[in-house]
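# Survey of secondary and tertiary structure
One-letter residues, chain by chain:
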Amino acid sequence: MNVSIHPSWQSQLQSEFQQPYFNSLVQFVRDEYSSTTCYPKANMIFAAFDHSNFEGTKVVIIGQDPYHGPDQANGLCFSVKDGIRHPPSLINIFKEIETDIGKPYPKSGNLEEWADQGVLLLNATLTVRAHSAGSHQNKGWEVFTDAVIRKLSVEKEGLVFLLWGGFAKKKIALIDASKHHILTSGHPSPLSANRGLWFGNKHFSKSNELLKKMGKEPINW
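Now for a description of the structure that goes with this document. (Residues numbered from 1 in each chain as written. Predicted model: local features only at pLDDT ≥ 70, side-chain atom pairs only at ≥ 80, totals over all residues. Heavy atoms only, no water.)

The next subject is the packing of helix H4 (residues 88-101) against helix H9 (residues 203-213). Two numbers describe how H4 lies on H9: the axes approach to 8 Å, and their chain directions differ by 60°. Regarding the angle of H4 to H9, the classification is oblique. Across the interface between the two elements, Ile93, Glu96, Ile97, Asp100 and Ile101 from H4 touch His203, Phe204 and Ser205 from H9. Considered class by class, the residues forming the contact of H4 with H9 number four nonpolar, two polar and two charged. (Axes fitted to C-alpha atoms, helices over the stretch in contact; angles between N-to-C directions. Helix = DSSP H or I, 4+ residues; strand = E, 2+ residues; numbered from the N terminus. Parallel < 35°, antiparallel > 145°, perpendicular 65-115°, else oblique. Contact = heavy atoms within 4.5 Å. Nonpolar A, V, L, I, M, F, W, Y, C, P; charged D, E, K, R; others polar.)

Here it is, written out as structure tokens:
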């Protein structure tokens, strides 16, 4: 695995890349990708950073693990490649957008358009072994992505963090709530959504209202 990341992030995270844990992580990922099938493709591991550069990031959505089925993961949390069947959580995200802002349910589950507008779609763990959810957890990725969240919190102002579910809500401890906006709700997975913890959170309209109040361009969800 070569750490090929957008230059704006390279300069911000250079100290992380030099840490012993990151060297161990790189070796682990290289070994996994060379010995078994892993997702996303190696050139998409840092896709979230390539689409949403450090300066342009306005909204942060935190996921947990990449999808582990064939051709699903594209390096952006909750997103799948064009033409791939939408996973249950993504279906519920699109349903909430439909009722919240009236945008019709889309054909593609590829969220690159969001990312290109400054939505950092960050999974806590950036790689996974095929058909084995959570297989690359606790290998160093979470240390790295926590550092990313802290860096954003310290260096930027007025970000909108969307934290869905218990795992994402734990990241509140890394964010300075006095200078950023934090919106929380249940997870969009059916288990949570069907218990009334997801639908009606209006996070998409609320995010855009916050952005507009700060003089920033709203997101075309």
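So that's the structure; there's more coming.
The next subject is unusual backbone geometry. In this model, Tyr39 is joined to Pro40 through a cis peptide bond whose omega is -5°. Inspection of the secondary structure puts Pro40 in the loop between strand S1 (38-39) and helix H3 (47-51). Positive phi is not limited to glycine here, since His131 has a value of about 60°. Along the chain, the position of His131 falls in the loop between strand S4 (128-129) and helix H6 (141-155). A residue is classified by how much of its surface remains accessible, and His131, at 57% relative accessible area, is exposed. The phi angle at Asn138 is positive, at roughly 60°, despite the residue not being glycine. With respect to the helices and strands, the residue Asn138 is situated in the loop between S4 and H6. For Asn138, a relative accessible area of 70% translates into the label exposed. (Buried < 20%, exposed > 50% of the residue type's maximum accessible area, 1.4 Å probe, protein only.)

This brings us to the pairing of strand S2 (residues 59-63). Taken across its five residues, S2 has five buried, putting it largely inside the fold. Alternating residues of S2 divide into Val59, Ile61 and Gly63 and Val60 and Ile62, and every residue in both groups is buried. Strand direction decides the pairing type here: S2 and strand S3 (residues 119-123), joined by five bridges, are parallel. In the sheet register, Val59 faces S3, and the bridge partner there is Val119. In this structure, S2 lies alongside strand S5 (residues 160-164), joined through three bridges in parallel fashion. Each residue of the ladder has a partner; that of Val59, found in S5, is Val160. (Pairing = 2+ DSSP bridges.)

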